[in-house]
Structures are given as structure tokens and as C-alpha cells.
Amino acid sequence: MPKNIFSRGHSRTLTRHHKIAMAGVATLGAAAIGFSAVPSGASTKTTTEAAQPAAVAFSTEQIKDVKASVTDQMAGASLKAEQIEAKKKADAAAAAKKKAAAEAAKKKAEAERKAKEAASRAAERAEAKKAAKKKAAKKTYPNNLDGWIRESLDVMKKHGIPGSYEGIKRNIIRESSGNPKAINNWDINAINGIPSKGLLQVIPPTFKTWHVPGTSWDIYDPVANITAACNYAADKYGSMDNVNSAY
């Protein structure tokens, strides 16, 4: 029994010639229908206009509008992104400026603090130097009995010689009445050729033996006379304060 040549499994692909042939058959069929539909009294004349397909009209305006809208949206998005980026940069610049200002203020405050401390230290050093200079300056004393005793006491203090203002003055008044040039020409010392001299009536050998460094070698010098006499009395009596008569 012959095979069905129209079966799906054995159909061949249509070639270009087949497609043309089929199109021709379709055209002839359409023409035949057209002729059969024309009334008997009507003209059988045909025109190419009847055979021409109607032109299809379309507009590109909508596409243009859509394209323009998309472009505008993209431009707007780009502008917004640029504005955001510009704002970020401006904020970053402002923050950097603020930080730099804070650092500058901090450095300025630190410099001022250091300058103030340096000035304070300089002032302290100047004050200390001034005090030291004042301390080192030679102390002055009035040129009278009070001044002589006070100066002698300062010298004695440096050398560890005991004695008080009252004890020294009491013995000076008894021995010389406060006259630094007083001299005894009638006692045994005078007879022996070594008269007592000065405020505390010290004989020359005693003055020479008990002379205190830093004072004059002149036996009539008030300070030298007092310190030498007190140095001798400290060794023999413990202090000039313990002397109440000729010594």
C-alpha cells in the first residue's frame, strides 16, 4: 500500500520555487473570486489600484517624545548626581577647613601656654637671681656702737662664736664706755708695756692670738676688737655673756 506522501514525518522543506508557485496560485484564486463577484452589467475592467494594497500610515512623534523624555530623565539624574557629588565635596572641604582651624587654635593655645610658662620661669629665675644678689651684697651697718655690735655678731655667727647683743654691750660699757679708742695706761698690763685697748680692752697679744679671719688687724677697729675679745671669752669662759668683770 503506498505511503501517505502528506505525512508530517516525510514532508520536505519548501523551496523558493515552491513558495513562488504557491503565491501565484493564491493570486489567481483571488482574481477569479473578484471576477465572479462583479455583476453582469458591470465593467470587467480592472485597475492596478484595486490590486494595490492600502498604505499603512504611522507617526514617529510618540517615539520622539519618549526618547526626549528618557533623555531628560537621564540628564536630570546626571545633574542630581553631580549636585550630590558637589555637596559631598563641599561638606568634605568644610570639614577639612574646620579641622584645620581647630588644629591651628590648638597649636596657638599650646604656644601661648608654653610662652606663658617660659615667661613665668624667666620671672622666677630673675627673682631668684635678684634675691641671691641682694643676699650676696654686703650688708651695711651704722657706724656706731649698735652697728659695731651687730656686725660683730654676724661675723661671730659665721665662725660659730657664741655671744649675745646684751652680753657684749654690757661688757663694752664697763670696759670702755663705748669708746673704740680707749686705752688703759695704769693697770698691770700697761706697766708691762702691753696696755689694754679698744672697746673691750684687749691687749695686743690676745688680739693677735684670737683674731677672727675677715676682720681688720687694727686692734682699735671696733668690729675686729669685739670679735677677737668674744672669741677669747668663748674659749676661757664659754661666752662673753658669762663675763662680768675684768677678764
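Scroll up to find the structure.
Residues numbered from 1 in each chain as written. Predicted model: local features only at pLDDT ≥ 70, side-chain atom pairs only at ≥ 80, totals over all residues. Heavy atoms only, no water.

Draft legend 1. Local environment of the packing of aromatic side chains. Tallying each qualifying case throughout the model produces two aromatic pairs. Consider the rings of Y232 and Y247, whose centres lie 6.1 Å apart with planes at 35 degrees: the pair is tilted. You can see Y232 sitting in helix α8 (residues 222–237) and its partner Y247 sitting in the segment after α8, a full 15 residues away along the chain. Accessibility expressed as a relative area gives 16% for Y232, which makes it buried. Taken together, the aromatic side chains of W210, Y232 and Y247 make up a single cluster linked through ring pairs. (Phe/Tyr/Trp six-rings, centres within 6.5 Å; stacked < 30°, edge-to-face > 60°. Helix = DSSP H or I, 4+ residues; strand = E, 2+ residues; numbered from the N terminus. Buried < 20%, exposed > 50% of the residue type's maximum accessible area, 1.4 Å probe, protein only.)

Draft legend 2. The side chain of Q201, seen in detail. Relative to the helices and strands, Q201 resides in the loop between α6 (188–191) and α7 (204–209). The exposure class assigned to Q201 is buried, which follows from its relative accessible area of 12%. Within the structure, the side chain of Q201 is placed 2.8 Å from the backbone oxygen of G198, a separation counted as a polar contact. The contacts of Q201, once residues within four sequence positions are left out, are E175, S176, A182, I183, N184, S196 and N225. (Polar contact = N/O pair within 3.5 Å; in protein donor to acceptor, adjacent residues only side chain to side chain. Contact = heavy atoms within 4.5 Å.)

Purely spatial values, then, with no claim about function.
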